[in-house]
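# A closer look at the structure
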Amino acid sequence: QVQLVESGGGLVQAGGSLRLSCAASGRTFSRYAMGWFRQAPGKEREFGAAITQSGRYTYYADSVKGRFTISRDNAKNTVYLQMNSLKPEDTAVYYCAADADYSGSYYLNNAYDYWGQGTQVTVSS
């Protein structure tokens, strides 16, 4: 099994930036596609960004495209989410997830096999 631990969340003003990190256990991190999802109070968890095993391809929800950047460092077993130009509607708990079986459905919750505990991001007006 894979253990995922997110960090880097916090309180930031609108227009500010945060970088989230997700550290993964195990020796096969490079085999997993990785994703970031978020869940705001009273709403369903939604897809934010995904990255393929080698990092050659990335995918973004329209709501974050142009503002967020997903990246990974396989040597450090870590995936990142750089969040710029933050808006109040970005306020949510952010989760990283690992797709261990290469489903290819990066935007679906059920494509992922392992999830982190989440980190809170709050954006004030």
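### Quick look at unusual backbone geometry
Despite not being glycine, Asn 77 has its phi angle at roughly 55°, a positive value. Relative to the helices and strands, Asn 77 is located in the loop between strand E7 (68-73) and strand E8 (78-83). The phi angle at Ser 85 is positive, at roughly 50°, despite the residue not being glycine. Tracing the chain through its elements places Ser 85 in the loop between E8 and strand E9 (92-99). With relative accessibility at 40%, the residue Ser 85 sits in the partly exposed group.

### Examining the pairing of E8
For E8, the tally of buried residues reaches 5 of 6 residues, placing the bulk of the element in the interior. Pairing of strand E3 (residues 18-24) with E8, which is carried by 6 bridges, proceeds in the antiparallel orientation. Among the inter-strand pairings, Cys 22 is bridged to a residue of E8, identified as Val 79. Where E7 meets E8, 6 bridges bridge the pair, whose relative direction is antiparallel. Note on E8: the bridge partner recorded for Ser 71 is Tyr 80. Where E7 hands over to E8, the hairpin turn is made up of 4 residues, of which Asn 77 adopts a positive phi near 55°.

### Re the pattern of salt bridges
Opposite charge on two side chains makes pairing possible when the charged atoms of those side chains draw close. In this structure the tally under the stated criterion is 4 salt bridges. The shortest N-O distance in the salt bridge between Asp 90 and Arg 38 comes to 2.8 Å. You can see Asp 90 sitting in the loop between E8 and E9 and its partner Arg 38 sitting in strand E4 (residues 33-39), a full 52 residues away along the chain. In this structure, Asp 90 and Arg 38 share a single accessibility class: buried.

### Things to note about the state of the cysteines
Joining two cysteines, a disulfide is a covalent bond between their sulfur atoms. For the structure shown, the criterion picks out 1 disulfide. Here Cys 22 engages in a disulfide with Cys 96; their sulfurs sit 1.9 Å apart. Because the sign of the S-S torsion sets the handedness, a value of about 50° for the bond joining Cys 22 and Cys 96 places this disulfide among the right-handed ones. Here Cys 22, found in strand E3, pairs with Cys 96, found in strand E9; they are 74 residues apart in sequence, far enough to count as distant. Overall, Cys 22 belongs to the buried group, its relative accessible area being 0%. On the accessibility criterion, Cys 96 (0% relative accessible area) is buried.

The rules behind the values
- Residues take numbers from 1 onward in each chain, read along the sequence in its written order.
- Whole-chain, interface and lining totals are the exception, using all residues; otherwise, since this is a predicted model, local features are given only for residues with pLDDT of at least 70 and side-chain atom pairs are given and counted only at 80 or more.
- Only hydrogens and water are removed before side-chain values are computed, so all heavy atoms of the structure are retained for them.
- Elements are defined by DSSP. Helices are runs of H or I of four residues or more, strands are runs of E of two residues or more, and each kind is numbered from the N terminus.
- Throughout, exposure labels follow a simple rule: accessible area from a 1.4 Å probe, protein chains only, divided by the maximum for the residue type, with under 20% read as buried, over 50% as exposed, and the rest as partly exposed.
- Criterion used throughout: strands pair if DSSP finds at least two bridges between them.
- Any Lys or Arg side-chain nitrogen located within 4 Å of an Asp or Glu carboxyl oxygen qualifies as a salt bridge.
- A pair of cysteine sulfur atoms is labelled a disulfide when the two atoms are within 2.5 Å.

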